[in-house]
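# Observations on chain architecture
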2 protein chains.
Amino acid sequence: MEPQINEINSYLVSIFNDVLMIEERTLQTSQFKDVSIKEMHTIDAIGMYQEHTTSEVAKKLGITVGTLTVSVNNLVRKDYVNRVRSETDRRVVKLALTKKGRLLYRLHDKFHRDMVRETIREMSEAEAELLMKGLVNLHGFLERTKEQLPE
Amino acid sequence: MEPQINEINSYLVSIFNDVLMIEERTLQTSQFKDVSIKEMHTIDAIGMYQEHTTSEVAKKLGITVGTLTVSVNNLVRKDYVNRVRSETDRRVVKLALTKKGRLLYRLHDKFHRDMVRETIREMSEAEAELLMKGLVNLHGFLERTKEQLPE
DNA sequence: TCAAACAGTTTGATAATCAAACAAAAATAA
DNA sequence: TTATTTTTGTTTGATTATCAAACTGTTTGA
């Protein structure tokens, strides 16, 4: 039992580091050199489809609104994000991607989809379903752990 | 097929974010409040057992030696890491954990093992095998991708 | 109407990061 | 041997990431 735990653990750690590193490197050698991996994740959290408020995006990313404001300042300057004050509640800021932002979003999304597609390439439909179940378990455990976290 | 890819992808992303967030939060509410999650990973990369040079650790972490030097300065100041000049080659610096560093290393390692153990506890043998198979595929894909990366 | 609550912004401090300039030591070439 | 090049690590300057706390403007509710 223990060796399996160690093995799964080292694969998870290694995968984690690789994904981050590859994403970073891919960005830096693309036409989007001026975007860091953190900014990429902010763009991802803002998303293509609905408008999201600053608070919503900050919560999704697990950072404070202050941090997000600073980051969005840079992304607006670099023309990836638009800020729009809500008409119905003038305190609220809605964030949306620019054309350039949406292009980058799609590129990043493609990387992720390719990655997963390759992962399940050699699996049958049923096996992929079971992998999915494993991920659901892991996710469930983490969500429960999160709730038990102090404050 | 496509919807499954999307679903697996969002679970992976969510799992990654949760692990990072839980690690960070766990550290900040422990006796090791003065260590950030990045510093924790540096301590992990230095490791318990062999001595490693600055270059080796930087490579393992995927950061420049300059960045690591700065980080190690802080970890030495906070008494988690020792710097030792090599006797045989006076250019080389060997990094090693202090007693406090080793204590923290073990704590972090335990968190990881508990996480995996808890995750596969609820799974059947077959499910755990398939999770493992999925991870191996994913890891293989990432290693191949890394090799194709420019320089 | 006016105080409290809310949504974001700004600021000051610190950490993380890189590239480039630098210093010291070792290896290689002359 | 001496000079040059390469290697290992440090320092520095710039930018980003982050938080907490102070702040601004807006809305809500007493």
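Just above, that's the structure.
Since the model is a prediction, treat every value here as computed from it, not as a measurement.

### What to know about the interface of chain B and chain A
Often the size quoted for an interface is simply the accessible area lost on bringing the parts together. Between chain B and chain A, the contact holds 54 residues from the first and 55 residues from the second. With both sides pooled, the region where chain B packs onto chain A buries about 5,900 Å², and carbon together with sulfur makes up 70% of that total. At the surface where chain B touches chain A, the tally comes to three salt bridges. Between D18 of chain A and K146 of chain B there is a salt bridge; the shortest N-O distance is 3.0 Å. Listed by contribution, the elements that provide at least two residues to the side of chain B that touches chain A are α1 (2–28), α5 (99–121) and α6 (125–148) of chain B.

### A closer look at the pattern of salt bridges
Within the structure shown, the criterion is met by 15 salt bridges over all chains. We note a salt bridge from D89 of chain A to R91 of chain A, for which the minimum N-O separation is 2.9 Å. With relative accessibility at 70%, the residue R91 of chain A sits in the exposed group. Bridged by salt links that share partners, the residues D18 of chain A together with E143 and K146 of chain B form one connected network.

### Concerning the packing of aromatic side chains
Applying the stated criterion to the full structure yields three aromatic pairs over all chains. A cation over an aromatic ring shows up here: K100 of chain A above the ring of Y80 of chain A, its NZ or CZ 4.5 Å from the ring centre.

### Looking at the layout of surface pockets
Residue and element names in this part refer to chain B. Put simply, the second largest pocket is a space of about 200 Å³. Lining the second largest pocket are E23, T26, L27, S30, M40, L104, L107, H108, K110, F111 and D114. Residue assignment for the lining of the second largest pocket shows that the elements contributing at least two residues are α1 and α5. In terms of residue count, the dominant contributor to the lining of the second largest pocket is α5 (six residues).

Reading the values: the criteria
Residues numbered from 1 in each chain as written. Chains lettered and ligands numbered in written order. Predicted model: local features only at pLDDT ≥ 70, side-chain atom pairs only at ≥ 80, totals over all residues. Heavy atoms only, no water. Contact = heavy atoms within 4.5 Å. Buried area = accessible area lost by both parts, 1.4 Å probe. Salt bridge = Lys/Arg side-chain N within 4 Å of Asp/Glu carboxyl O. Helix = DSSP H or I, 4+ residues; strand = E, 2+ residues; numbered from the N terminus. Buried < 20%, exposed > 50% of the residue type's maximum accessible area, 1.4 Å probe, protein only. Phe/Tyr/Trp six-rings, centres within 6.5 Å; stacked < 30°, edge-to-face > 60°. Lys NZ or Arg CZ within 6 Å of the ring centre and 35° of its normal. 1 Å grid on protein atoms, 1.4 Å probe; cavity = no way out; pocket = protein on both sides within 12 Å on 5 of 7 lines; lining within 4 Å. Points joined across faces, edges and corners; volume = space filled by probe spheres on them.

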